[in-house]
Amino acid sequence: AQKITQTQPGMFVQEKEAVTLDCTYDTSDPSYGLFWYKQPSSGEMIFLIYQGSYDQQNATEGRYSLNFQKARKSANLVISASQLGDSAMYFCAMREGLRNTGNQFYFGTGTSLTVIP
Amino acid sequence: GAVVSQHPSRVICKSGTSVKIECRSLDFQATTMFWYRQFPKQSLMLMATSNEGSKATYEQGVEKDKFLINHASLTLSTLTVTSAHPEDSSFYICSAGGAGSYNEQFFGPGTRLTVL
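Let me begin by describing the structure that accompanies this report. Since the structure is predicted, the reported quantities are computational estimates derived from the model, not experimental observations. (Residues numbered from 1 in each chain as written. Chains lettered and ligands numbered in written order. Predicted model: local features only at pLDDT ≥ 70, side-chain atom pairs only at ≥ 80, totals over all residues. Heavy atoms only, no water.)

A short note on the pattern of salt bridges
Part 1 of the argument: A complete count under the given rule lists 5 salt bridges over all chains for this structure.
Part 2 of the argument: Salt-bridge contacts for Asp26(A) lead to Lys73(A); the nearest nitrogen and oxygen are separated by 4.0 Å. With Asp26(A) in the loop between strand 4 (24-25) and strand 5 (32-39) and Lys73(A) in the loop between strand 8 (64-69) and strand 9 (74-79), this residue pair connects regions lying 47 residues apart in the sequence.
Part 3 of the argument: Judged by relative accessible area, Asp26(A) falls into the partly exposed class, the value being 33%.
Part 4 of the argument: When the shortest N-O distance is used, the salt bridge between Arg24(B) and Glu22(B) registers 3.5 Å.
Part 5 of the argument: Exposure remark for Glu22(B): the relative accessible area of 24% places this residue in the partly exposed category. (Salt bridge = Lys/Arg side-chain N within 4 Å of Asp/Glu carboxyl O. Helix = DSSP H or I, 4+ residues; strand = E, 2+ residues; numbered from the N terminus. Buried < 20%, exposed > 50% of the residue type's maximum accessible area, 1.4 Å probe, protein only.)

What follows is the structure in structure tokens.
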């Protein structure tokens, strides 16, 4: 089974509108971390936001928020007030174990977001 | 955030030659680094996990004799593509963790390899 599933290959959003990028995950480990990364056309991977499995509140970082629904195993990224610079690929990722830096990240297939002026 | 550099950013080589890609953590020590390969419009595929001072752990289907990984210090890991062929052309990205608040991975800017 896929560890991370992103079902939206491509999304369009009007500038200044909000958009939700879907992510579901699969793990039997009670301790895990969920991450979102942005990859612009330049190729660099930019860390956006993190949610730990024991976190009670949804994570927020500026215009990014993570809608964490543990029972449904979903970790959707919400981008508010979209900007043209938000056009990029977005990857959801999971690491099993909260603090172990040696554990690999599992990445989803990504969602290509295009912001329309 | 922490900085990971990768060199070269772009390389074009002839078939049959070997290419070395360096990955450095500039402001933190990384006991573990990861090497990924990414095809256009696809996700990152983990190739191997590189541990300082020990042999790398390769993912299933990745030829360890073709993709040589060396992690000689806490700040440097290298990937050598030996006897490169056109099918090895890809975007290679390294990452390292342990420096951020969430132990997130910090990625290098990537190396685009083109084998003629």
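What to know about the state of the cysteines
Residues and elements named next belong to chain B.
Part 1 of the argument: Summed over all chains, the structure comprises 2 disulfides over all chains.
Part 2 of the argument: No disulfide involves Cys13; its nearest neighbouring cysteine sulfur is the one of Cys94, lying 18 Å away.
Part 3 of the argument: When its relative accessible area of 10% is taken as the criterion, Cys13 is described as buried. (Disulfide = S-S within 2.5 Å.)

Digging into the environment of Gly108(A)
Residues and elements named next belong to chain A.
Part 1 of the argument: Position of Gly108 among the secondary structure elements: in the loop between strand 11 (105-107) and strand 12 (111-116).
Part 2 of the argument: Gly108 sits in the buried class, given a relative accessible area of 1%.
Part 3 of the argument: On a C-alpha basis, the gap between Gly108 and Tyr90 in space is 9.1 Å, while along the polypeptide they are 18 residues apart.

Focus: the nonpolar core
Part 1 of the argument: Formed by 27 residues in total, the largest nonpolar core has its most connected members in Phe67(B) and Leu113(B).
Part 2 of the argument: Listed by contribution, the elements that provide at least two residues to this core are strand 2 (10-13), strand 3 (19-25), strand 4 (32-38), strand 5 (44-51), strand 7 (67-73), strand 8 (76-81), strand 9 (90-97) and strand 11 (111-115) of chain B.
Part 3 of the argument: If we ignore the near neighbours within four places in the chain, the residues touching Leu113(B) are Val11(B), Cys13(B), Val19(B), Val81(B), Asp88(B), Ser89(B), Ser90(B) and Tyr92(B).
Part 4 of the argument: Membership of the second largest hydrophobic core comes to 24 residues, among which are Cys23(A), Leu66(A), Leu113(A) and Val115(A). (Core = buried A, V, L, I, M, F, W, Y, C linked by side-chain atoms within 4.5 Å. Contact = heavy atoms within 4.5 Å.)

This is a description of form; function is not addressed.
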